[in-house]
Amino acid sequence: MNAIDVVKWLETHFPKELAYEWDNVGLQVGSLNRRCQTVLVTLDVTKEVVEEAVALKAELVISHHPLIFKPIYNVATESPRGRVIAQLIQHKIALYSAHTNYDLAEGGMNDELAAALGLREVQLLDETDRIGRYGTIDPVPLEDFIAFVQRTLNVKDARYIGRSGINIRTVGISGGSGSNHVGAAQRKNCDLYLTGDVTYHTALDCRQMGQNVLDIGHYAEAIFKTAIARRLREAFPDIDVRESAVDTDPYRRV
Ligand SMILES: [Zn+2]
């Protein structure tokens, strides 16, 4: 099996064309034209993740967040990103990223998140941006649901914006930077909208709009690791698919 076969499978299920214009998905470093026995799946690509890939002798790393996102003007190996690129090339490891194409695809990020939270009657949250999901659960007190979300998605530090003492029945979710879809969550009457990257001023707007929001950060998207690994193992029983054990979440609770 070649790395290109794995990537072809990924692109059948999470077509690159789905990605937003501003995104940078697909092959980031290296060549897909080589035999592939071990694949490492990760949310982010850090120095530690590349060290892990080297130790596992992985030929292919699949990440959700692209390593190269904004244009880079050099690959100076003193810079963190340059060093990672150099390490990958040195060890002949290819890096492939499935980002917003994975977020938007059927069976991708938001479907996985919705399934993990046990949402029912799951539908598209934002028709304009084609992203996010919403669905229903049996009514549960807000505090209990937040505890459940933190446990289920391994969220260390969720931040809540909204009213207390309410019950949650309709839940909206958009993994990652979903601040732009708060309005969609409100139009779909979500009792609670889960997303990451909610800035102070967006939080103020949410309060003003009366939309309850739980900021779960980007690390909730680490579900990418288990979800992609599960599906690749089904599709390629002969390939050793590993989930990165590195906790790349840059935030620490203090
Ligand atoms: Zn993200």
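Caption draft 1: Inspection of the sheet that holds strand 4 (residues 94–97) at higher detail. Taken in spatial order, the 5 strands line up as 1-4-3-2-11 in an open sheet, and their pairing is mixed. Looking at the sheet topology across the chains shown, the edges are occupied by strand 1 (26–29) and strand 11 (240–243). Along the sheet, successive strands turn relative to each other by an average axial angle of 25 degrees, direction set aside. Relative to strand 4, strand 3 (residues 60–63) runs parallel, the two sharing 4 bridges. Looking at strand 4, one finds that L60 is bridged to A94. Packed onto the sheet, helix 2 (residues 47–56) meets strand 2 (38–42), strand 3 and strand 11 and runs at close to 160 degrees relative to strand 2.

Caption draft 2: Local environment of the coordination of the zinc ion. Within the protein, the zinc ion binds to H65 (NE2), H218 (ND1) and E221 (OE); these donor distances fall in the range 1.9 to 2.3 Å. Read N to C, the donor residues that coordinate the zinc ion are spaced as H-x152-H-x2-E.

Caption draft 3: Molecular detail of the domain arrangement of the protein chain. Domain annotation for the protein chain reports domain 1 (3–103 + 221–243) and domain 2 (106–217). The distance between the C-alpha centroids of domain 1 and domain 2 comes to 28 Å. Contacts between the two partners involve 13 residues from domain 1 and, on the opposite side, 14 residues from domain 2. Overall, the association of domain 1 and domain 2 removes approximately 1100 Å² of surface from exposure, summing both partners, and the carbon and sulfur fraction of that is 53%. Three residues, Y20, D103 and I223, lead the burial of domain 1 against domain 2; their summed loss comes to 50% of the area buried on that side. Inspection of the domain 1/domain 2 interface yields 1 salt bridge. Here E112 and R230 are joined by a salt bridge, their closest N and O atoms 2.8 Å apart. Here domain 1 is connected to domain 2 by 5 residue pairs in polar contact (both at pLDDT 80 or more). Taken together, the elements giving at least two residues each to the side of domain 1 that touches domain 2 come down to helix 4 (100–104) and helix 9 (223–235). The residue makeup of the side of domain 1 that touches domain 2, split by class, is 7 nonpolar, 2 polar and 4 charged.

Quick notes on the rules
- Residues numbered from 1 in each chain as written.
- Predicted model: local features only at pLDDT ≥ 70, side-chain atom pairs only at ≥ 80, totals over all residues.
- Heavy atoms only, no water.
- Pairing = 2+ DSSP bridges.
- Helix = DSSP H or I, 4+ residues; strand = E, 2+ residues; numbered from the N terminus.
- Axes fitted to C-alpha atoms, helices over the stretch in contact; angles between N-to-C directions.
- Contact = heavy atoms within 4.5 Å.
- Donors = N, O, S within 2.8 Å, 3.2 Å for Na, K, Ca; no water.
- Domains from an automatic or database assignment.
- Buried area = accessible area lost by both parts, 1.4 Å probe.
- Salt bridge = Lys/Arg side-chain N within 4 Å of Asp/Glu carboxyl O.
- Polar contact = N/O pair within 3.5 Å; in protein donor to acceptor, adjacent residues only side chain to side chain.
- Nonpolar A, V, L, I, M, F, W, Y, C, P; charged D, E, K, R; others polar.

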